[in-house]
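Next come the chains, spelled out residue by residue.
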Amino acid sequence: MKRFFALAIIFSLGTAEVIAQPNEVTNAWSALNTYRKSKDPYDLNKAKVAIDKATINADTKDNAKTWGYRGNIYLALYQKQLSDTIAAHPEITEPPKKTAKAFFASPVANLVEATNSYLKCKTLDAKLQVYQDDCYGPGLRDCYNDVQNAGITRFNHQMYAESEPMFELAIDISSSSKMFDTVNVHNAADAALNSKMYEQALKNFKLLAAANSGGGDTWAKIASVYKEMGDTVNYKQTISDGLKKYPGNGTLLVEDVNMKMKAGKDQEAIDELSALIAQRPNDAQLNLVVGNVYDRLANPKNADGTDAPKPKNYEELVDKAATYYKKAIDIDPKSLEANYNLGVLYYNQSVEYYNRSASTIADAAKYRGMWEKPLPDAAKYLETAHTLDPKDMSCLIALKNCYSQMSDDANYTRIKEEIKKLQANGG
């Protein structure tokens, strides 16, 4: 009797569950609608409890409607978190900063659940397409915007490992509509690279390369991943393959030249660039690249990024770098990079001469009369770069340092104030 009684109880409970659970979808929908009017968290929690029951019940767990409603409810939970975060920071008065704070500080668990629920709704509804409002409507579009914002704010706080899954989720949303999401594939790749998730970075950079997005710069990114992984063979092969496809790409050319220089083939590297210049003398980008090569030869770096000793032919290399930078500017006066690089080249030359003038080398006295000479040219080209992009912080900082060296108090103060304004506006 006991065994029969136990079976009867289980059967009865099972029957009750089958009858009751399909109603949980309706209960969830009703509670969500009540919450939208009342804004009472109790109603939203009631909706969550009901829909969670529906997603594990055999009769409703495979229904598109169930997952569409679940997406709506979990999105409402996340949006409430955003609102609560904004309300918790009354000291932030500027709307963009409030929004950025909310997206950064709010946990993303409910947002992830909402997004995956909508995506499951789309999968289940793929053939019938009867729940388009729930599966394809504004909720999923809101999720797309929100996961991007959550990813961007975390990336900007250098939380790369936390930002990468957000960009991947945005890619999943785009992929569900058979769209290639160039922006977020690139964001995910950069986040993965910064967090040393090399395989994930390679996957996304290779997707970009296959889509011909980013040109040679994307191939250079792939090479940089291999380089950080210590995979010299694939690093070199990627540079070689990239140059075959994009022979004039500056980033790839610099990498190729650097490889040759590290192998002690400086002249071979320079000959390679000289041959290219002879073929395309009026190519501003190519002249910029050659200038950059001579700049790097003049101002070498150690493996850890610190300054290495200057070569014996330092002055000659600086003159060559300046010649090619000026050629690039003559061809394209609006080249921000050429103007900035030339300004920095002259500023660094001044610093080098100043250091020599204060040293114990035999000809220190010679440099006491030389270190100020490059500064006006440095300021001239940096000001041009600043005009081309007034919000470029690197340029502003270089200008401030330059005017400080020149003892030009008026311009120093002007640039200092511009930096303050840019920082105040989130720049």
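Reading guide: rules and limits
- Residues numbered from 1 in each chain as written.
- Predicted model: local features only at pLDDT ≥ 70, side-chain atom pairs only at ≥ 80, totals over all residues.
- Heavy atoms only, no water.
- Phe/Tyr/Trp six-rings, centres within 6.5 Å; stacked < 30°, edge-to-face > 60°.
- Helix = DSSP H or I, 4+ residues; strand = E, 2+ residues; numbered from the N terminus.
- Buried < 20%, exposed > 50% of the residue type's maximum accessible area, 1.4 Å probe, protein only.
- Lys NZ or Arg CZ within 6 Å of the ring centre and 35° of its normal.
- Contact = heavy atoms within 4.5 Å.
- Axes fitted to C-alpha atoms, helices over the stretch in contact; angles between N-to-C directions.
- Parallel < 35°, antiparallel > 145°, perpendicular 65-115°, else oblique.
- Left-handed = near helix turned anticlockwise from the far one by under 90°.
- Nonpolar A, V, L, I, M, F, W, Y, C, P; charged D, E, K, R; others polar.
- Salt bridge = Lys/Arg side-chain N within 4 Å of Asp/Glu carboxyl O.
- Core = buried A, V, L, I, M, F, W, Y, C linked by side-chain atoms within 4.5 Å.
- Disulfide = S-S within 2.5 Å.

Draft legend 1. Highlighting the packing of aromatic side chains. Tallied over the full model, the rule gives four aromatic pairs. Judged by centre distance (4.9 Å) and plane angle (70°), the ring pair of Phe155 and Tyr160 falls under edge-to-face. Considering the side-chain rings of Tyr354 and Trp371, the 5.0 Å spacing of their centres and the 80° angle between planes classify their relative orientation as edge-to-face. With Tyr354 in helix α18 (residues 336-357) and Trp371 in the loop between α19 (364-368) and α20 (375-388), this residue pair connects regions lying 17 residues apart in the sequence. Tyr354 sits in the partly exposed class, given a relative accessible area of 40%. You can call Trp371 buried: its relative accessible area is 15%. In this structure, Lys39 packs its charged tip against the face of Tyr35, placed 5.5 Å from the ring centre.

Draft legend 2. Molecular detail of the environment of Asn194. Position of Asn194 among the secondary structure elements: in helix α10 (residues 182-194). Overall, Asn194 belongs to the partly exposed group, its relative accessible area being 41%. Placed 31 residues apart in sequence, Asn194 and Val225 show a C-alpha to C-alpha distance of 9.9 Å. Apart from residues lying up to four places away in sequence, Asn194 is in contact with Phe155 and Tyr160.

Draft legend 3. Spatial organisation of the packing of helix α6 (residues 109-124) against helix α8 (residues 138-156). Close contact between α6 and α8 brings their axes to 10 Å; oriented N to C, the two are set at 140°. Taken together, the axes of α6 and α8 lie oblique to each other. For the pair α6 and α8, the crossing hand works out as left-handed. On α8, the residues touching Leu111, Ala114, Thr115, Tyr118 and Lys122 of α6 are Gly139, Leu140, Cys143, Asp146 and Val147. Residues belonging to the contact of α6 with α8 are distributed by class as follows: six nonpolar, two polar and two charged.

Draft legend 4. Spatial organisation of the pattern of salt bridges. Summed over all chains, the structure comprises 18 salt bridges. The salt bridge involving Arg280 is made with Asp283; its shortest N-O contact spans 2.9 Å. Given a relative accessible area of 27%, Arg280 falls into the partly exposed group. Between Arg414 and Glu383 there is a salt bridge whose closest N-O contact spans 2.5 Å. Placement of Arg414 in helix α22 (residues 409-424) and of Glu383 in helix α20 is noted, with a sequence separation of 31 residues between them. You can call Arg414 partly exposed: its relative accessible area is 31%. Accessibility expressed as a relative area gives 18% for Glu383, which makes it buried. Within this structure, Lys48, Asp52, Arg70 and Glu113 form a network of salt bridges that share partners.

Draft legend 5. Summary view of the side chain of Asp256. Secondary-structure assignment places Asp256 in helix α14 (residues 250-262). The class for Asp256 is buried, based on a relative accessible area of 10%. Filtering out sequence-adjacent residues up to four positions away, Asp256 remains in contact with Ile239, Leu243 and Glu272.

Draft legend 6. Layout of the nonpolar core. Core analysis: the biggest nonpolar cluster contains 75 residues, and Phe205, Leu273, Tyr294 and Leu342 have the highest contact counts within it. With nine residues, the top contributor of residues to this core is helix α17 (residues 314-331). Not counting residues up to four positions away in its chain, the partners in contact with Phe205 are Ala189, Asp190, Leu193, Thr218, Lys221, Ile222 and Val225. In this structure, Leu32, Ile73, Leu140 and Ala170 belong to the second largest nonpolar core, which totals 33 residues.

Draft legend 7. Focus on unusual backbone geometry. The residue Gln158 is not glycine, and still its phi comes out positive at about 65°. Here Gln158 shows up in the loop between α8 and α9 (160-176). Notably, Lys196 is not glycine yet its phi reads approximately 60°, a positive angle. Along the chain, Lys196 turns up in the loop between α10 and α11 (198-210). Since its relative accessible area comes to 56%, Lys196 is described here as exposed.

Draft legend 8. Structural detail: the state of the cysteines. All told, the structure shown has zero disulfides when counted by the stated rule. Cys121 provides the cysteine sulfur closest to Cys143, a residue in no disulfide bond, and the two sulfurs are 12 Å apart. Considering cysteine sulfurs only, Cys395 is the nearest to Cys402, which forms no disulfide, with 10 Å between them. The exposure class assigned to Cys402 is buried, which follows from its relative accessible area of 0%.

Draft legend 9. Inspection of the side chain of Asn292 at higher detail. Mapped onto the secondary structure, Asn292 falls in helix α16 (residues 284-298). Apart from residues no more than four positions distant in its own chain, Asn292 is found in contact with Tyr325 and Asn341.

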